[in-house]
There are 2 protein chains.
Amino acid sequence: MSLTRYYTATSLDGFIADPDATLDWLLTRDQDHGGVLNYGDFIAGVGAIAMGATTYRWVIDHEFSGKDPSEWTWPYDVPSWVFTRTAPPVVPGAPITFTADDVAAVHARMTQAAGGRDLWVVGGGDLAGQFADAGLLDEVIVYIAPLTLGAGAPLMPRRIELRLEELGRNREFACARYAVVRPAG
Amino acid sequence: MSLTRYYTATSLDGFIADPDATLDWLLTRDQDHGGVLNYGDFIAGVGAIAMGATTYRWVIDHEFSGKDPSEWTWPYDVPSWVFTRTAPPVVPGAPITFTADDVAAVHARMTQAAGGRDLWVVGGGDLAGQFADAGLLDEVIVYIAPLTLGAGAPLMPRRIELRLEELGRNREFACARYAVVRPAG
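Residues numbered from 1 in each chain as written. Chains lettered and ligands numbered in written order. Predicted model: local features only at pLDDT ≥ 70, side-chain atom pairs only at ≥ 80, totals over all residues. Heavy atoms only, no water.

Asker: Help me understand the sheet that holds strand β3 (residues 46-52) of chain A in this model?
Answerer: Sheet strands pair by backbone hydrogen bonding; their relative direction is either parallel or antiparallel. Spatially, β5(A)-β4(A)-β3(A)-β6(A)-β1(A)-β7(A)-β11(A)-β10(A)-β8(B) is the arrangement adopted by the nine strands of the open sheet, whose pairing is mixed. Each having just a single partner strand, β5 (96-99) of chain A together with β8 (147-148) of chain B make up the two edges of the open sheet. As defined by bridge partners, strand β4 (residues 80-83) of chain A adjoins β5(A) across four bridges and the pair is classed as parallel. When the sheet's bridge partners are listed, A:S80 is paired in β5(A) with A:I96. Packed onto the sheet, helix α5 (residues 125-133) of chain A meets β1 (4-11), β3, β4, β6 (118-123) and β10 (160-170) of chain A and runs at close to 140° relative to β6(A). (Pairing = 2+ DSSP bridges. Helix = DSSP H or I, 4+ residues; strand = E, 2+ residues; numbered from the N terminus. Contact = heavy atoms within 4.5 Å. Axes fitted to C-alpha atoms, helices over the stretch in contact; angles between N-to-C directions.)

Asker: Could you clarify how one ought to interpret helix α4 (residues 103-114) of chain A in this entry?
Answerer: Every α-helix carries 3.6 residues per turn, so stepping three or four residues along brings you back to the same face. Residue and element names in this part refer to chain A. Helix length check: α4 (12 residues) gives 16 Å between terminal C-alpha atoms against 16 Å at 1.5 Å per residue, within 8%. What α4 keeps buried is the set V103, V106, H107, M110 and A114. Angular distribution of buried residues about the axis of α4 spans 105°; they occupy a single face of the element. At its buried positions, α4 is contacted by β1, β3, β4, β5, β6 and α5. Near the N-terminus of α4, the side chain that reaches the backbone nitrogen of A104, with its oxygen 3.0 Å away, is that of D102. (Expected span 1.5 Å × (residues − 1). Buried < 20%, exposed > 50% of the residue type's maximum accessible area, 1.4 Å probe, protein only. Arc of directions from axis to C-beta. Polar contact = N/O pair within 3.5 Å; in protein donor to acceptor, adjacent residues only side chain to side chain.)

Asker: Help me understand empty space enclosed by the protein in this model?
Answerer: In this approach the atoms are scanned with a rolling probe the size of a water molecule, which exposes any empty space left behind. All chains considered together, the criterion is met by one cavity of 30 Å³ or more. Approximately 30 Å³ is the volume found for the largest cavity. What lines the largest cavity is A:I144, A:L167, A:A174, B:I144, B:L167, B:A174, B:A176 and B:Y178. Per element, the largest residue contribution to the lining of the largest cavity is three residues, and it comes from strand β11 (residues 173-180) of chain B. Broken down by class, the residue content of the lining of the largest cavity amounts to eight nonpolar, no polar and no charged. (1 Å grid on protein atoms, 1.4 Å probe; cavity = no way out; pocket = protein on both sides within 12 Å on 5 of 7 lines; lining within 4 Å. Points joined across faces, edges and corners; volume = space filled by probe spheres on them. Nonpolar A, V, L, I, M, F, W, Y, C, P; charged D, E, K, R; others polar.)

Asker: Help me understand the side chain of A:D18, please; the structure alone is not making it clear to me.
Answerer: Along the chain, the position of A:D18 falls in the loop between β2 (15-17) and α1 (24-27). Side chain to side chain, A:D18 and A:T22 meet in a polar contact 2.6 Å long. Among residues more than four places away in sequence, those in contact with A:D18 are A:D24, A:W25, A:L149, A:A151, A:G152 and B:R159.

Here's what the structure looks like:
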């Protein structure tokens with residue numbers, strides 16, 4: 001049974017990117033890559049990925065900065081869906097589907113492609129919120145970096161009820177796994 | 001040696017009050033009043049309190065709702081400073097000083113009044129930020145409630161570097177104590 005999980009890093013005050021869309025506040029941090037709620041264990045269970053247009057653009061701009069498109073290497077092996085209403089740059093050979101369909105329709109396709117593995121909503125916060133609005137988000141997993149940013153891209157621009165399932169420290173990070181609590185009825 | 005501590009509850013996405021300034025999302029939660037980073041142990045070490053005008057107004061409106069001012073009971077025994085540029089309602093007999101001075105001057109008076117005990121910055125986020133800007137904030141202690149609010153009053157409208165000192169679970173809450181990291185030099 002696939003779980004749909006929003007796994008992300010955030011500042012203590014709930015921003016997943018700073019106003020300049022840089023991640024230096026995050027990427028400089030110390031973590032144990034075998035520690036609690038680590039990315040390696042997480043990604044091993046993932047069978048399909050979804051991300052929004054801004055997140056995709058960030059990968060293109062930052063991961064591939066200064067490289068010719070022929071050298072771009074998509075960092076994920078599993079089928080990926082990018083929600084966009086425009087035609088962004090294509091990563092050669094990457095298993096990416098661009099879509100403007102609603103999240104419920106795409107979720108069904110992702111579930112089929114994942115073959116029992118989990119679905120990862122990479123971000124941003126509004127896309128994760130759309131999955132939650134549709135009752136299709138099961139978990140929110142956060143790596144909380146030790147700072148406040150004061151402004152930036154919000155973790156989740158919605159009121160969503162959660163239940164704390166797991167909490168642990170990974171060096172500089174407080175790490176928490178929450179179940180999304182669906183409204184009764 | 002007094003520590004200046006910002007001790008507060010927050011949503012996972014960094015809001016200390018929702019857009020309607022209600023706290024039902026917080027006050028309904030289960031906690032162990034003898035658990036990690038609990039309020040009782042915390043307040044026992046506090047010798048002076050600071051809060052902003054909005055926080056003070058919230059106490060007046062919500063704690064004293066429907067009561068005649070003669071029945072208002074200020075919930076804190078220690079000297080309290082309220083930062084305000086207007087003349088808010090007075091709680092009879094309460095050890096409150098209204099001030100429009102800057103935080104550094106008030107911090108010196110608070111430290112003297114506290115007699116070696118800690119200073120508590122109750123909130124809001126901007127007042128805590130002003131203490132941090134002045135290099136006078138030592139710790140941020142958060143009770144993270146299991147929800148996102150999506151909007152409201154920000155935990156800390158600043159970029160502030162922190163160091164995770166303590167992390168634990170108190171029933172529904174993830175609780176963390178951070179030291180404020182002052183810029184080198």
